[in-house]
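Chains, contacts and geometry: an overview
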Amino acid sequence: MAAEHRGRIGEAVAFSKRWRRFIAGAAAHLLTPPEPLPCRTGWVGVQLCHPGNQDSLVFVFRLGNAGAMPKIVPAGLAPARRYRVRAGFGRTEMSATIRDLHRDGLPLTDRLAGAGGAEVYVVEKGLCSATGTI
């Protein structure tokens, strides 16, 4: 096994350990329109939220023959708060308000470039209001 693959597996294991309790108690919300089960094309976005916690995990999957990525916006975020959005186990990070996310959606990453691509986004509450910085 190549060192690159071992590194990616290590990232996935560390991510799973960090978020396993959150995932076990989370509610899932579909962020893309539902499709019939046999449909194997398009995009799927699922948000995991934990009651009493403003953080979310958003999983985005690109199925076969998908067109451009739709605007995927996490639900239930506070409008006056700034959020830290991390993609790909923390490789890509940005600061955004709900207004930014409604305008732009989550960022497209290299992992979503081809059919069968997948990405996880961590949306965490920032440290202060939208008028400040994280």
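Considering the nonpolar core
Counting residues in each nonpolar core, the largest one holds 18 residues, and the members touching the most others are Val58, Val60, Met69, Leu106 and Tyr121. Every element with two or more residues in this core is listed here: β3 (56-62), β4 (81-87), α2 (98-104) and β6 (118-129). Excluding residues within four positions of it along the chain, valine 60 makes contact with Trp43, Val44, Gly45, Met69, Ile72, Leu112, Gly117, Ala118, Glu119 and Tyr121. If you look at the next biggest cluster of nonpolar residues, it comprises seven residues, including Phe15, Leu57, Val120 and Val122.

Describing the pattern of salt bridges
Within this structure, the stated rule accounts for six salt bridges. In this structure, the salt-bridge partner of glutamate 11 is arginine 111, at a minimum N-O distance of 3.9 Å. Of this pair, glutamate 11 sits in helix α1 (residues 3-24) while arginine 111 sits in the loop between α2 and β6; the two residues are 100 residues apart in sequence, bridging distant segments of the chain. In this structure, glutamate 124 and arginine 18 form a salt bridge, with 3.8 Å as the shortest nitrogen-oxygen distance. Taken together, the positions of glutamate 124 in strand β6 and arginine 18 in helix α1 put the pair 106 residues apart, joining distant regions of the chain. By relative accessible area, which is 9% here, glutamate 124 ends up buried. Here the salt bridges share partners, and the residues they tie into one network are Arg18, Arg84, Arg86 and Glu124.

Some thoughts on α1
For α1, spanning 22 residues, the distance from its first C-alpha to its last is 31 Å, which sits close to the expected 32 Å at 1.5 Å a residue. Along α1, the residues classified as buried are Phe15, Trp19 and Phe22.

Overview of the side chain of arginine 62
Within the secondary structure, arginine 62 sits in strand β3. Look at arginine 62: it is buried, it has no salt bridge, and the nearest opposite charge is aspartate 110 at 10 Å. One polar contact links the side chain of arginine 62 to the main-chain carbonyl oxygen of leucine 112, over a distance of 3.1 Å. What arginine 62 contacts, discounting residues up to four positions off in sequence, is Gly42, Trp43, Gly67, Leu112, Ala113, Gly114, Ala115, Gly116 and Gly117.

Scoring rules and cut-offs
Residues numbered from 1 in each chain as written. Predicted model: local features only at pLDDT ≥ 70, side-chain atom pairs only at ≥ 80, totals over all residues. Heavy atoms only, no water. Core = buried A, V, L, I, M, F, W, Y, C linked by side-chain atoms within 4.5 Å. Buried < 20%, exposed > 50% of the residue type's maximum accessible area, 1.4 Å probe, protein only. Helix = DSSP H or I, 4+ residues; strand = E, 2+ residues; numbered from the N terminus. Contact = heavy atoms within 4.5 Å. Salt bridge = Lys/Arg side-chain N within 4 Å of Asp/Glu carboxyl O. Expected span 1.5 Å × (residues − 1). Lys, Arg positive; Asp, Glu negative; His and termini not counted. Polar contact = N/O pair within 3.5 Å; in protein donor to acceptor, adjacent residues only side chain to side chain.

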